[in-house]
Every structure is written in C-alpha cells, then in structure tokens.
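Letter by letter, the chains look like this.
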Amino acid sequence: MEQNKRSRISAPTCRQIAAVILIALSVISSHAAQDDTCAVSPKLIHRIGLDVRPSYVASSRNAVTYSYTGEERPDEMHSALSGHLKWAFSFSDATKLGRMYPEAYQGIGIGYTSFFNSERIGNPIGLYIFQGAPIVHLSDRLSLNYEWNFGATFGWKKYDPDLPPVNLVVGSKVNAYINLGFMFNYRLSQRLNLTAGIDMSHYSNGNTSWPNPGVNSIGGRVGLTYTLNTVPERKSYTIPDTALMKPHISYDLVIYGAARKRAV
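**Quick notes on the packing of aromatic side chains**
Here is step 1: In the structure shown here, the tally under the stated rule is 9 aromatic pairs.
Here is step 2: Between Tyr 128 and Tyr 177 the ring centres are 5.4 Å apart and the planes differ by 55°, which places this aromatic pair in the tilted class. Linking Tyr 128 in strand S5 (residues 125-137) with Tyr 177 in strand S8 (residues 174-187), this pair joins segments that are 49 residues apart in sequence. Neither Tyr 128 nor Tyr 177 differs from the other in exposure class; each is buried.
Here is step 3: Between Trp 156 and Tyr 203 the ring centres are 5.4 Å apart and the planes differ by 65°, which places this aromatic pair in the edge-to-face class. Within this pair, whereas Trp 156 is found in the loop between strand S6 (142-154) and strand S7 (166-167), its partner Tyr 203 is found in strand S9 (residues 192-204), the two being separated by 47 residues in sequence.
Here is step 4: One aromatic cluster is present, built from ring pairs that chain together Tyr 105, Phe 115, Tyr 128, Phe 130, Trp 156, Tyr 177 and Tyr 203.
Here is step 5: The cationic tip of Lys 86 hangs over the ring face of Phe 130; the distance from NZ or CZ to the ring centre is 4.9 Å.

**Notes on the confidence of the model for the chain**
Here is step 1: The share of residues in the chain with pLDDT of 70 or more is 66%, and the mean pLDDT across the chain is 77.
Here is step 2: Across the chain, the secondary-structure element scoring lowest on mean pLDDT is strand S2 (residues 65-66), at 48, and the one scoring highest is S6, at 95.
Here is step 3: Taken as a whole, residues 31-38 scores under 50 in pLDDT and shows 0 contacts with residues more than four places along the chain or in a different chain.
Here is step 4: Counted against residues more than four places away or in other chains, residues 65-70, with its pLDDT under 50, gives 20 contacts.

**Quick notes on the pairing of strand S10 (residues 215-227)**
Here is step 1: Sheet topology note: the strand S1 (residues 44-57)/S10 ladder contains 9 bridges and is antiparallel. Bridging from a neighbouring strand, Tyr 56 pairs with Ile 218 of S10.
Here is step 2: Bridging between S9 and S10 involves 12 bridges; their strand directions are antiparallel. Bridge pairing in S10 places Tyr 203 opposite Val 215.

**Some points on the sheet that holds S5**
Here is step 1: Read around the barrel, 8 strands follow the order S1-S3-S4-S5-S6-S8-S9-S10 and close on themselves; strand pairing throughout is antiparallel. Taking each pair of neighbouring strands and ignoring which way they run, the sheet shows an average axis angle of 25°.
Here is step 2: Where S6 meets S8, 13 bridges bridge the pair, whose relative direction is antiparallel. Following the sheet pairing, Leu 142 is matched in S8 by Tyr 186.

**As for the nonpolar core**
Here is step 1: Val 57, Met 77, Phe 115, Trp 156, Tyr 203 and Val 215 are the most contacted members of the largest nonpolar core, which has 15 residues in total.
Here is step 2: For this core, the secondary-structure elements that each account for two or more residues are strand S3 (79-91) and S5.
Here is step 3: Beyond its immediate chain neighbours, meaning those up to four positions away, Val 57 contacts Met 77, His 78, Ser 79, Ala 80, Phe 115, Val 215, Asn 216 and Ser 217.

**Here's the deal with the pattern of salt bridges**
Here is step 1: The full count for this structure, using the stated rule, is 7 salt bridges.
Here is step 2: Of the charged contacts in the structure, one is a salt bridge between Asp 51 and Lys 86, with a shortest N-O distance of 2.9 Å. On the criterion of sequence distance, the pair formed by Asp 51 in strand S1 and Lys 86 in strand S3 is long-range, its members being 35 residues apart. Considered together, Asp 51 and Lys 86 belong to a single accessibility category, that of buried residues.
Here is step 3: Arg 53 serves as the salt-bridge partner of Glu 147, at 4.0 Å between the closest nitrogen and oxygen. In this pair, Glu 147 sits in strand S6 while Arg 53 sits in strand S1, placing the two residues 94 residues apart along the sequence.
Here is step 4: Bridged by salt links that share partners, the residues Asp 51, Arg 53, Lys 86, Glu 147, Asp 199 and Arg 221 form one connected network.

Thresholds, definitions, all that
- Residues numbered from 1 in each chain as written.
- Predicted model: local features only at pLDDT ≥ 70, side-chain atom pairs only at ≥ 80, totals over all residues.
- Heavy atoms only, no water.
- Phe/Tyr/Trp six-rings, centres within 6.5 Å; stacked < 30°, edge-to-face > 60°.
- Helix = DSSP H or I, 4+ residues; strand = E, 2+ residues; numbered from the N terminus.
- Buried < 20%, exposed > 50% of the residue type's maximum accessible area, 1.4 Å probe, protein only.
- Lys NZ or Arg CZ within 6 Å of the ring centre and 35° of its normal.
- pLDDT = per-residue confidence, 0-100.
- Contact = heavy atoms within 4.5 Å.
- Pairing = 2+ DSSP bridges.
- Axes fitted to C-alpha atoms, helices over the stretch in contact; angles between N-to-C directions.
- Core = buried A, V, L, I, M, F, W, Y, C linked by side-chain atoms within 4.5 Å.
- Salt bridge = Lys/Arg side-chain N within 4 Å of Asp/Glu carboxyl O.

Structure representation (structure tokens):
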C-alpha cells in the first residue's frame, strides 16, 4: 500500500521537475533570442581592406635619369604597381553622425609602391589617411563610390649629383602623397565587398627641395573589404531641417610656406 502510494507520488513529481526544466530552458532561450533581435547596434563599424593598383606614370619629366651631358637615358619610368592595406571605420545608425552621414567611412592606410626602377628612385612606402562614401546606389548590392587619400611617402632615393646618372625626378627622401579614386563597390556578402575602378596619384615635396617636377600616375584599382562587425540593414532617415539655421558668414584662413632653391 505504501509502495503504491510512493509510486503515485513520485511519478507526478518527476513530470513536474521535467516540466519546470523545460519551462526554464524555454524562458532562457526566449530571452537570448530577444537579446539577439533587440541588440543595440555598435556605434562604430570596423573594416579592413586590401587594394592593388597598377598605374601609368606620366610625370613632369618622362625620363627618370639624365646623364651629365644632358643626354636622355633609355631607362624611362612609365609604369608603377602598389599594394595597400587599410583600416576604416564608419558610424552606425545608433549615432547622430551615422544618421547624418550614412555609409561615409574614414581611416588610415599603408602602401608600398614600385616604379620598377628601385636603384634610381627607390620603392617608397606611404602612410596616409583616407575618406570615402557612395556617390549613387545603382542597385541593392552595387554602388559608385569615391575615395581620397592624403599622406606622406618615405624611402625615395633623392637627387644626388655625385651619383651618375643624375635622378631629376625627386629631390627629397620624403614626399607628399595625394590620391583620388572612383570605384564600383559590389557587396558579395554581408561582410565582404569587392571594389574596382580608377584612381589618380601625385607625389611631390611642395617645392621644398630641388628638383621637384613631381610624379603623376593614373591607373586602375581592385580590392576587397571585410567588415569585422555586422549591423542590421540601414533604415531611411530624414535629413534634419536646416531652415532654422540663422544667416551667418564663415571664414577660413589658410597659411602656407615653403623654402625655395635656385640653380644656375
């Protein structure tokens, strides 16, 4: 009698424990799912990218080197190839800047350039900042973007009159770097983007050292960009009304200075 009573009591007790465990698991899973769906977007979206840029060099002087007699040497510089590693960030919709400037990005990059004439002018390494954004969206996956780079390049072999043939292209070991590019950006997946387009570059020391004809190049670029943290699809936001802005005048002051050298 007592054994039957114990069995009747123990059976529902086991079912109750199992039911409680299942309920607890369902509550925990529902909270986890709610956290995933309602998670706050990160304030910054981080990306890393890799670019390869072949280009044609059309500098102020077609020839890299000249002899002491002024005769043009056959080793001309007309091609270049560079590789770039970049890190960028953009503001998400969780921030005011992300809502005001959607999809704009900025960051820092490092590049290595070869002009296939390292014994004459070296293989400069560049360190620069950059900024870009879509110009127009052509589809859900494809957009036309712009990007500019500005920084400095190191490792040039500058002009030295004691080392024939004379290099008349660069007169300093450090030169400024300016770049502008337009490229198509295609979203391969939620994290991976493919870019391809054209860009233009200019190297110069600002006429602080002679000679300084500058190096100009134009060519193509192809790259991959990987997003480190994904965010939900962007929502459409209305641009804040600027009608309440009071009329005013803004002034910008730019000061520039450079040393000058003359040769006779």
